[in-house]
Amino acid sequence: MLINYFKIAFRNLWRNRQFTFINVGGLALGIAVFLFIIQYVAFEWNANRFNKNYNTLCRVNVLTKQGVAEYYLPPGFAQPVKQQIPAIENAVRLADRIGGGVLSYKGQSESENKTFREDNISYAEGNFLSVFSFPVLSGTPSLAEPKTLALSETISRKIFGTADAAGKTLMVSNQFGNTLYTVKAVYHLPETSDINPEVILSLHTLENAANRDGNDWADPNGTDAALTNIYLQLKKDANISNTGKAITNFLHSVNPASKDETIILQPFSQLHLAPSFDYPLQTYGSLLLVTLFSAVAVLILLIAWVNYINLSTAQALNRAREVGVRKVLGAARTQLVVQYLTETLLLTLSASAFAVLLVYIFQNLFNDFTGKQLSMHILNVGWFWAIGIILIAVGSFLSGSYVAFVLTAFNPISTIRGKLQTSLRGIALRKGLVVFQFTISIVFIIATVILYRQLKFMQSENLGMKLDELLVIQGPTVSSEDQAAKNVSFKNSLTQLPFVKKQAASNNVPGIGYNFSANGITKLNNPLKGDDKKSYSMFICDQNFFDTYGIQLLQGRGFTADEAERSWNNIHSVIVNEKAAKELGFNPKENIIGQKIKWGADFEIVGVVKDYHHLSLRETIQPTIYLSSVSYSFFTVQTETKDMQSKLGTIRKLYNSAFPGNPFEYFFANEKYNQQYVSEQKLGSVFIAAASVAILIACMGLFGLVAFSARQRIKEIGIRKVLGASVFSITQLLSKDFLKLVAVAFVIASPVAWYAMNKWLQDFAYRISISWWVFALAGIAALFIALLTVSFQAIKSAVANPVKSLQTE
């Protein structure tokens, strides 16, 4: 009996090939998009879950009086807390922004020698690998000894190939000088880990001042510089909230000045995705983005299911008489229900098979887009397939339920006589589903336009500086005794090149960040209460930086060459931006040159620069204090883009001569700055793809409905043509009802899209306003696409031979 159900179902689907193709195609597209996005969502959900201590780890955050959460903390804070709070099993410090430099390996032969720059180098506690459960492939996981390191599998292969790296030595050249390290372990770096250093240096190395090269701010026992994340592994029976309160009380007891600060322990399970949209702590992932992608996946799938329901209700007219005949011949209602549900199940299974095929075909393309190595294997867990089977079964049941349950309930005599036709034609369900489909499509169109307008605004807005024609050269990290003289010599050599208009040096550049942040800075006379708690971004540069980057000087002067050579900690002169001047309690519109600020010692303000967007427009302009130095982390050259390869070759020779052993690396300032908007660009691509798929599926359904409508009204069309109706009038007759539905969808979609995108824009400190024409454009686009879809089938029916259409059945 079951085989007969499938045979009859196959024959019915084959008989209505056009509708079957539309249904299978629409469902396959919807399911494929759903599977792609669910891969991404599953990847995000799995973040950090490989860690054996996932449920007992937490990150220490300090909530300031202003409600700002600081998660970079002084390293000397960790050990006293561990000793005083019994609930803490382990304390792990991680300094993830200070270790970048050059790795050098000297092998037994010259061919084995390797030198390259690696920025993803962190200093970490000796127990880091064991606490964070990174699988150790060789060696031992302990980095308790100074001058030891661990390499990721990728870096180990890059240097040593397939040979075991444990026990070998590497020279690490960074801001702390040239230090020889012993490789203690090679570890596998899980892709789902938020904490992902390629090289881990023992933090205990910096306990010896000789290994800090004068950078005493990096003392692991220091309590001034906020340079580490501190993670705590709690005992299994510990209460995270009570532990946080205990640490807060301890902090207040040893440092009364911190009475306005509160310690918040962030569970490791909330490190990647926040538990709510108003979560105050920093996370590595975006709950909003994951929620948005999940909503897109569900909506696309809903559109595909709606497509089937819509066409099923439309085809009900054709099948009403079939039902009547079957019931007259003795078919039970249960048999008819099973028959129609079997058809739906067969169609859904076919669509699912095609969807999986589409996923395998386009998987690599999707991975390139996301930058992650995703596959169907990430979904290879029992709960997912159980949910998938339930989803297909429920979807089949719900989408087929109208035909199966409603149509089989009608009086067989009425259906045979055709009395059902009039009531079904005006059915509200079919119209409502069309409105639903196009509402979602129009929301996607509006969201895409607004997103790209915001992206264009960020990329074209006046930044307050000029990044065009700026070539940035990575400075040397393999240093020597006469390094300062070599830096000056290289800068002088750049100046003498005929194609170099301007040159500057700095310890960071716009689009990447600042050098460090500091508080405890106040104006010398009459500081306000709480001023010492304010945080300032500190930026180190030479005398040419502002001129080279086109940053406007509002008051005073820039640094002099002498001030740069003597360095900021010797000459005690600073330059501030407008925002910093306001935070310090000065009026930047008044002359503040010569005013002094206190930061341990007294510093004199010699210049005020106009605020500019040092980082992306997502963030507010930071109060910034500029410090003078010859600087050699980055060299910036202003030159025309013509003959760039030749110019790079000339600069490369000078660089290799001045800094032997350092790799020559460069980038363009504007390109590096725009890399901050990669996530917005990817999000825009997602919405374009979602809008395209949604519209395609909706139009497939609309095409099928118009074709069905034309088939039902074929004799009416024939009569109208015989009586002189034009092709235009007949096309209008078949199109107007559907276009009205699109117009209704536009009315519903507009406020929904405005609310969603207005909320999204709130994440940007500088943003566009949503213009009315965006909605008009989306509405016109949706109407135009729908008109093209409807007109194709309508015109085809209108030009058909009326003689054939008036023939009796």
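The text that follows walks through the structure, step by step, so that each part is easy to find. (Residues numbered from 1 in each chain as written. Predicted model: local features only at pLDDT ≥ 70, side-chain atom pairs only at ≥ 80, totals over all residues. Heavy atoms only, no water.)

## A closer look at the overall build of the protein chain
And then number 1: Along the backbone of the protein chain there are 24 helices and 25 strands.
And then number 2: A burial count over the protein chain gives 51% of its 809 residues as buried.
And then number 3: Within the protein chain, residue pairs in contact and separated by at least 24 positions form 80% of the contacts whose partners lie at least 6 positions apart.
And then number 4: Entry remark: accessible area of the protein chain is about 37600 Å², with carbon and sulfur atoms responsible for 57%. (Helix = DSSP H or I, 4+ residues; strand = E, 2+ residues; numbered from the N terminus. Buried < 20%, exposed > 50% of the residue type's maximum accessible area, 1.4 Å probe, protein only. Contact = heavy atoms within 4.5 Å. Areas by Shrake-Rupley, 256 points an atom, 1.4 Å probe, with all protein chains shown as cover.)

## Here we look at helix 13 (residues 483-496)
And then number 1: Between the first and last C-alpha of helix 13 there are 20 Å, a value that for 14 residues agrees with the 20 Å anticipated at 1.5 Å per step.
And then number 2: Along helix 13, the residues classified as buried are Gln 483, Asn 487, Phe 490, Lys 491 and Leu 494. The arc that holds every buried residue of helix 13, seen down its axis, measures 95 degrees, which confines them to one face.
And then number 3: Contacts from the buried residues of helix 13 go to strand 15 (502-506), strand 24 (634-638) and helix 18 (644-658). (Expected span 1.5 Å × (residues − 1). Arc of directions from axis to C-beta.)

## Topic: unusual backbone geometry
And then number 1: Within the chain, Glu 469 stands out as a residue other than glycine whose phi angle is a positive 60 degrees.
And then number 2: Topologically, Glu 469 is positioned in the loop between helix 12 (428-460) and strand 14 (470-474).
And then number 3: You will see that Ser 567, though not glycine, has its phi angle at about 75 degrees, which is positive.
And then number 4: The topology assignment puts Ser 567 in the loop between helix 15 (561-566) and helix 16 (568-571).

## Let's talk about the nonpolar core
And then number 1: Among the nonpolar cores identified, the biggest contains 113 residues, and Phe 438, Phe 444, Phe 545 and Tyr 626 are the most heavily contacted of them.
And then number 2: Among residues more than four places away in sequence, those in contact with Phe 545 are Ala 504, Ser 506, Pro 510, Phe 539, Ile 551 and Tyr 612. (Core = buried A, V, L, I, M, F, W, Y, C linked by side-chain atoms within 4.5 Å.)

## Examining the pattern of salt bridges
And then number 1: Applying the stated rule across the entire model yields 17 salt bridges.
And then number 2: Where Glu 44 meets Lys 372, a salt bridge forms, and the shortest distance between an N and an O atom there is 3.9 Å. Pair noted here: Glu 44 is in helix 2 (residues 17-45) and Lys 372 is in the loop between helix 8 (333-370) and helix 9 (382-406), with a separation of 328 residues, a long-range link. The same class applies to Glu 44 as to Lys 372, namely buried.
And then number 3: As a salt-bridge pair, Glu 469 and Lys 501 come within 3.5 Å of each other at their nearest N and O atoms. Taken together, the residues Glu 469 in the loop between helix 12 and strand 14 and Lys 501 in the loop between helix 13 and strand 15 connect sequence positions 32 residues apart.
And then number 4: Residue Glu 469 is classed as partly exposed on the basis of its relative accessible area of 32%.
And then number 5: Of the residues examined, Lys 501 reaches a relative accessible area of 47% and is grouped as partly exposed.
And then number 6: Residues joined in a network through salt bridges with shared partners are Arg 212, Asp 216 and Asp 219. (Salt bridge = Lys/Arg side-chain N within 4 Å of Asp/Glu carboxyl O.)

## Digging into the packing of helix 13 against helix 18
And then number 1: Their axes nearest at 10 Å, the elements helix 13 and helix 18 cross at an angle of 165 degrees. Here helix 13 lies roughly antiparallel to helix 18, going by the angle between them. The chirality of how helix 13 crosses helix 18 is right-handed. Here Lys 486, Phe 490, Ser 493 and Leu 494 of helix 13 come into contact with helix 18, specifically with Ile 651, Leu 654, Tyr 655 and Ala 658. (Axes fitted to C-alpha atoms, helices over the stretch in contact; angles between N-to-C directions. Parallel < 35°, antiparallel > 145°, perpendicular 65-115°, else oblique. Left-handed = near helix turned anticlockwise from the far one by under 90°.)

## Here's the deal with the pairing of strand 18 (residues 536-541)
And then number 1: Of all six residues in strand 18, six are buried, a share of seventy percent or more.
And then number 2: Because side chains alternate across strand 18, one face comprises the buried residues Tyr 536, Met 538 and Ile 540, and the other comprises Ser 537, Phe 539 and Cys 541, equally buried.
And then number 3: As defined by bridge partners, strand 18 adjoins strand 23 (residues 624-628) across five bridges and the pair is classed as parallel. Within the sheet, the bridge partner assigned to Cys 541 lies in strand 23 and is Ser 628. (Pairing = 2+ DSSP bridges.)

## Quick notes on helix 5 (residues 153-160)
Think of an α-helix as 3.6 residues a turn; residues three or four steps apart then line up on the same face.
And then number 1: Those residues of helix 5 not exposed but buried are Ile 155, Ser 156, Ile 159 and Phe 160. Along the axis of helix 5, the buried positions cluster into a sector of 100 degrees, meaning they face one direction only.
And then number 2: Buried residues along helix 5 sit in contact with strand 4 (101-105), strand 5 (114-118), strand 8 (148-152), strand 9 (169-174), strand 10 (177-187) and strand 11 (199-202).
And then number 3: Where helix 5 terminates, the next one or two residues include Gly 161, which has phi positive at roughly 65 degrees.

## Examining the environment of Ile 621
And then number 1: Assignment of secondary structure puts Ile 621 in the loop between strand 22 (601-609) and strand 23.
And then number 2: Exposure remark for Ile 621: the relative accessible area of 14% places this residue in the buried category.
And then number 3: Residues Ile 621 and Ala 580 lie 41 residues apart in sequence; the distance between their C-alpha atoms is 9.8 Å.
And then number 4: Not counting the four nearest positions on each side in its chain, Ile 621 is found in contact with Asn 577, Lys 579, Asp 611, Tyr 612, His 613 and Tyr 766.

## What about the packing of helix 21 (residues 714-722) against helix 22 (residues 727-761)?
And then number 1: Orientation of helix 21 relative to helix 22, taken along the N-to-C sense of each, is 150 degrees, at an axis distance of 10 Å. Taken as axis vectors, helix 21 and helix 22 run roughly antiparallel relative to one another. When you trace helix 21 past helix 22, the crossing you get is right-handed. For the pair helix 21 and helix 22, the contacting residues are Glu 716, Ile 717, Arg 720 and Lys 721 in the first and Ile 730, Leu 733 and Leu 734 in the second.

## Some words on the environment of Thr 370
And then number 1: Counting through the fold element by element, Thr 370 comes out in helix 8.
And then number 2: Along the sequence, Thr 370 and Ser 679 sit 309 residues apart, while their C-alpha atoms lie 9.6 Å from each other.

## Quick notes on a nonpolar patch on the surface
And then number 1: Together, Phe 354, Leu 357, Ile 361, Phe 362 and Leu 365 make up an exposed nonpolar region whose accessible area comes to about 520 Å².
And then number 2: For Phe 354, the position within the fold is in helix 8.
And then number 3: By relative accessible area, which is 46% here, Phe 354 ends up partly exposed. (Patch = residues over 30% accessible without salt bridge, like charges linked within 9 Å, V, L, I, M, F, W, Y side chains within 5 Å.)

## Remarks on the pairing of strand 21 (residues 596-599)
And then number 1: Bridge count between strand 17 (residues 522-523) and strand 21: two bridges; the pairing is antiparallel. In the strand pairing of strand 21, Lys 523 is matched with Ile 597.
And then number 2: Relative to strand 22, strand 21 runs antiparallel, the two sharing four bridges. In the strand pairing of strand 22, Lys 598 is matched with Asp 602.
And then number 3: Counted between consecutive antiparallel strands, the loop separating strand 21 from strand 22 contains one residue, among which Gly 600 sits at a positive phi close to 80 degrees.

## Thoughts on the packing of aromatic side chains
And then number 1: By the definition in use, this model includes 32 aromatic pairs.
And then number 2: Ring centres of Phe 132 and Tyr 231 lie 5.2 Å apart, and the angle between their planes is 90 degrees; this geometry places the pair in the edge-to-face category. Within this pair, whereas Phe 132 is found in the loop between helix 4 (128-131) and strand 7 (136-139), its partner Tyr 231 is found in strand 12 (residues 229-234), the two being separated by 99 residues in sequence. You'll find Phe 132 and Tyr 231 in the same group, each marked buried.
And then number 3: Between Phe 635 and Phe 659 the ring centres are 6.2 Å apart and the planes differ by 10 degrees, which places this aromatic pair in the stacked class. Of this pair, Phe 635 sits in strand 24 while Phe 659 sits in the loop between helix 18 and strand 25 (666-668); the two residues are 24 residues apart in sequence, bridging distant segments of the chain.
And then number 4: Cation over ring: Arg 49 sits above Trp 45, and NZ or CZ is 3.9 Å from the ring centre. (Phe/Tyr/Trp six-rings, centres within 6.5 Å; stacked < 30°, edge-to-face > 60°. Lys NZ or Arg CZ within 6 Å of the ring centre and 35° of its normal.)

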